Amino acid sequence: MTTPHDALDNAGSDATGRDAARTVIVPAAGMGTRFLPATKTVPKELLPVVDTPGIEMIAEEAAAAGASRLAVVTAPSKDGVLGHFKPRPDLEETLRERGKDDIADKVNRAPEVIAVEGVVQEKPLGLGHAVLVAEELLDDDEEAVAVMLPDDLVLPLGVMERMAAVRAEYGGSVLCALELPREDVFNYGVFDIEEPEEGADGTTAADVKRVRGMVEKPAPEEAPSTFVAVGRYLLDRAIFDALRRIDRGKGGEYQLTDAIELLIREGHPVHIVIHDGFRHDLGNPGGFIKACVDFGLRHPAYGKSLRRYLERRLPQADSPDFCDEESAAGAKGAGEA
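Residues numbered from 1 in each chain as written. Predicted model: local features only at pLDDT ≥ 70, side-chain atom pairs only at ≥ 80, totals over all residues. Heavy atoms only, no water.

Okay, the overall build of the chain next. Scanning the chain from terminus to terminus reveals 12 helices and 13 strands. In the chain, which comprises 337 residues, the proportion classed as buried is 47%. In the chain, of all internal contacts separated by at least 6 residues, the share reaching a separation of at least 24 is 77%. Taken as a whole, the chain presents about 17,000 Å² of accessible surface, with 50% of it coming from carbon and sulfur. (Helix = DSSP H or I, 4+ residues; strand = E, 2+ residues; numbered from the N terminus. Buried < 20%, exposed > 50% of the residue type's maximum accessible area, 1.4 Å probe, protein only. Contact = heavy atoms within 4.5 Å. Areas by Shrake-Rupley, 256 points an atom, 1.4 Å probe, with all protein chains shown as cover.)

As structure tokens, this is what we get:
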């Protein structure tokens, strides 16, 4: 795996027209409870994975998949998320005057990636409701919309392009799935699946299944499969009508999965792409730390020193007496500069 920008630069999209999505909805209205107190003032989506906020990685992935608009759903008190995508010419000028052109280029990257529009979810009424309030940002001729959850980094990149190709083949909606050991599925939505119809060439792809239903967080022995949902959706525009017709679910919220289930019952084709990769969960501190280590090890500026540190640190286990001489020397040198 490469750095976030390298991976996104290498990802290409061959899906066009009605099967790809011009608009990607990014629900970002949550309070970031598990990261409090840090998220009292800093939106969770702006916490950096090494040196790039998670939501900027999502924007890069969306643009690489062929989208032209990021529809960010925020809460009334979270305007900082949208602010990240606005130019800061004063900051750029200061950085360039000081000869820090590389940093100035990084600051300018977010406003250049993709057009970003915001819509406010006034009350926390669930993921389904967040998707529904973003409908107003779509153009009338958009037949599909993508939803990308900013808590999920799905790697390696390219699954959205594959999902668009499956939609071109089968129509309807396409979701992303990962295969997990059965003992680990209890914390996810699990797909009830069957083999899809044969494609135009008379065959079926091994990474595609048709969805009969979903079971939310089942006991492992009761799970209908070992294929679990992760935060990438390519949805037919019919999803908005379905969202208007579902009732509130658990916790009084409108669930996106309930709307998808309604479409399935009404004969709407829904398929999954089984992604050959993995996911980093940025929605909790433990997953966030793993992502930072993973990307840090592959970072061109920090990777080598981080790897050396871990090689020295890990054998020490939880020793309270551990002192990293290289880090201490670097800190001393910085203080003397």
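Pairing of strand S9 (residues 189-194) with strand S10 (residues 208-216) involves six bridges; the strand directions are antiparallel. Bridging across to S10, Ile193 finds its partner in Val211. Judged from the three bridges that link them, S10 and strand S12 (residues 270-274) form a sheet pairing that is antiparallel. By the bridge assignment, Arg210 is partnered in S12 with His271. (Pairing = 2+ DSSP bridges.)

On to unusual backbone geometry. A cis geometry characterises the amide bond from Leu36 onward to Pro37, with omega recorded as 10°. Even without glycine at this site, Val50 takes up a positive phi of about 65°. Tracing the sequence through the fold places Val50 in the loop between strand S2 (48-49) and strand S3 (52-53). Backbone geometry at Lys217 places phi at a positive 50°, although glycine is not the residue there. By the element assignment, Lys217 lies in the loop between S10 and strand S11 (227-236).

Among the 10 residues that make up helix H9 (residues 256-265), seven are buried, leaving the element largely enclosed by the rest of the structure. Among all positions of H9, only Leu256, Ala259, Ile260, Glu261, Leu262, Leu263 and Ile264 are buried. Just downstream of H9 lies Gly267, where phi reads positive at about 90°.

Take the environment of Lys78 next. Inspection of the secondary structure puts Lys78 in the loop between strand S4 (69-74) and helix H3 (80-83). For Lys78, a relative accessible area of 8% puts it in the buried group. Separated by 48 residues in the primary sequence, Lys78 and Gly30 have C-alpha atoms spaced 9.0 Å apart. Once residues lying within four places of it in the same chain are set aside, the contact partners of Lys78 are Ala28, Ala29, Gly30, Pro43 and Glu45. Within polar-contact distance, the side chain of Lys78 engages the backbone oxygen of Gly30 at 2.8 Å. (Polar contact = N/O pair within 3.5 Å; in protein donor to acceptor, adjacent residues only side chain to side chain.)

On to the packing of helix H4 (residues 89-97) against helix H5 (residues 101-113), then. One can describe the packing of H4 onto H5 by two numbers: an axis separation of 8 Å at closest approach and a directional angle of 165°. When the interaxial angle is binned, H4 and H5 end up roughly antiparallel. Crossing handedness for the pair H4 and H5: left-handed. In this structure, H4 contributes Leu91, Glu92, Leu95 and Arg96 to the contact, and H5 contributes Asp101, Ile103, Ala104, Asp105, Val107 and Asn108. (Axes fitted to C-alpha atoms, helices over the stretch in contact; angles between N-to-C directions. Parallel < 35°, antiparallel > 145°, perpendicular 65-115°, else oblique. Left-handed = near helix turned anticlockwise from the far one by under 90°.)

Next up on the list: the packing of aromatic side chains. Taken as a whole and judged by the stated rule, the model has one aromatic pair. With centroids separated by 5.7 Å and ring planes inclined at 75°, the aromatic side chains of Phe35 and Phe288 adopt a geometry described as edge-to-face. With Phe35 in the loop between strand S1 (23-27) and S2 and Phe288 in helix H10 (residues 285-297), the pair connects residues that are 253 residues apart, well separated along the chain. (Phe/Tyr/Trp six-rings, centres within 6.5 Å; stacked < 30°, edge-to-face > 60°.)

Turning our attention to the pattern of salt bridges. Going through the model one piece at a time under the given rule, you end up with 25 salt bridges. A salt bridge links Glu135 to Arg244, with the nearest nitrogen and oxygen atoms 2.7 Å apart. Of this pair, Glu135 sits in the loop between helix H6 (127-133) and strand S6 (144-148) while Arg244 is found in helix H8 (residues 238-245), placing the two residues 109 residues apart along the sequence. A relative accessible area of 18% places Glu135 in the buried class. Between Arg245 and Asp241 there is a salt bridge whose closest N-O contact spans 3.0 Å. Pair noted here: Arg245 and Asp241 are both in helix H8, with a separation of four residues, about one helical turn. For Arg245, a relative accessible area of 39% gives the class partly exposed. Given the relative accessible area of 37%, Asp241 is considered partly exposed. Overlapping salt bridges bring together Arg22, Arg69, Glu117, Asp139, Asp141 and Glu142 as one network. (Salt bridge = Lys/Arg side-chain N within 4 Å of Asp/Glu carboxyl O.)

On to the confidence of the model for the chain, then. When the pLDDT values of the chain are averaged, the result is 89; 88% of them are 70 or greater. Put simply, helix H1 (residues 4-10) is where the chain has its lowest mean pLDDT, 46, and S1 is where it has its highest, 98. The low-confidence segment residues 1-5, where pLDDT is below 50, has 17 contacts with residues more than four positions distant or belonging to other chains. Confidence drops under a pLDDT of 50 for residues 7-16, and excluding neighbours within four residues, the segment shows 21 contacts in the predicted structure. (pLDDT = per-residue confidence, 0-100.)

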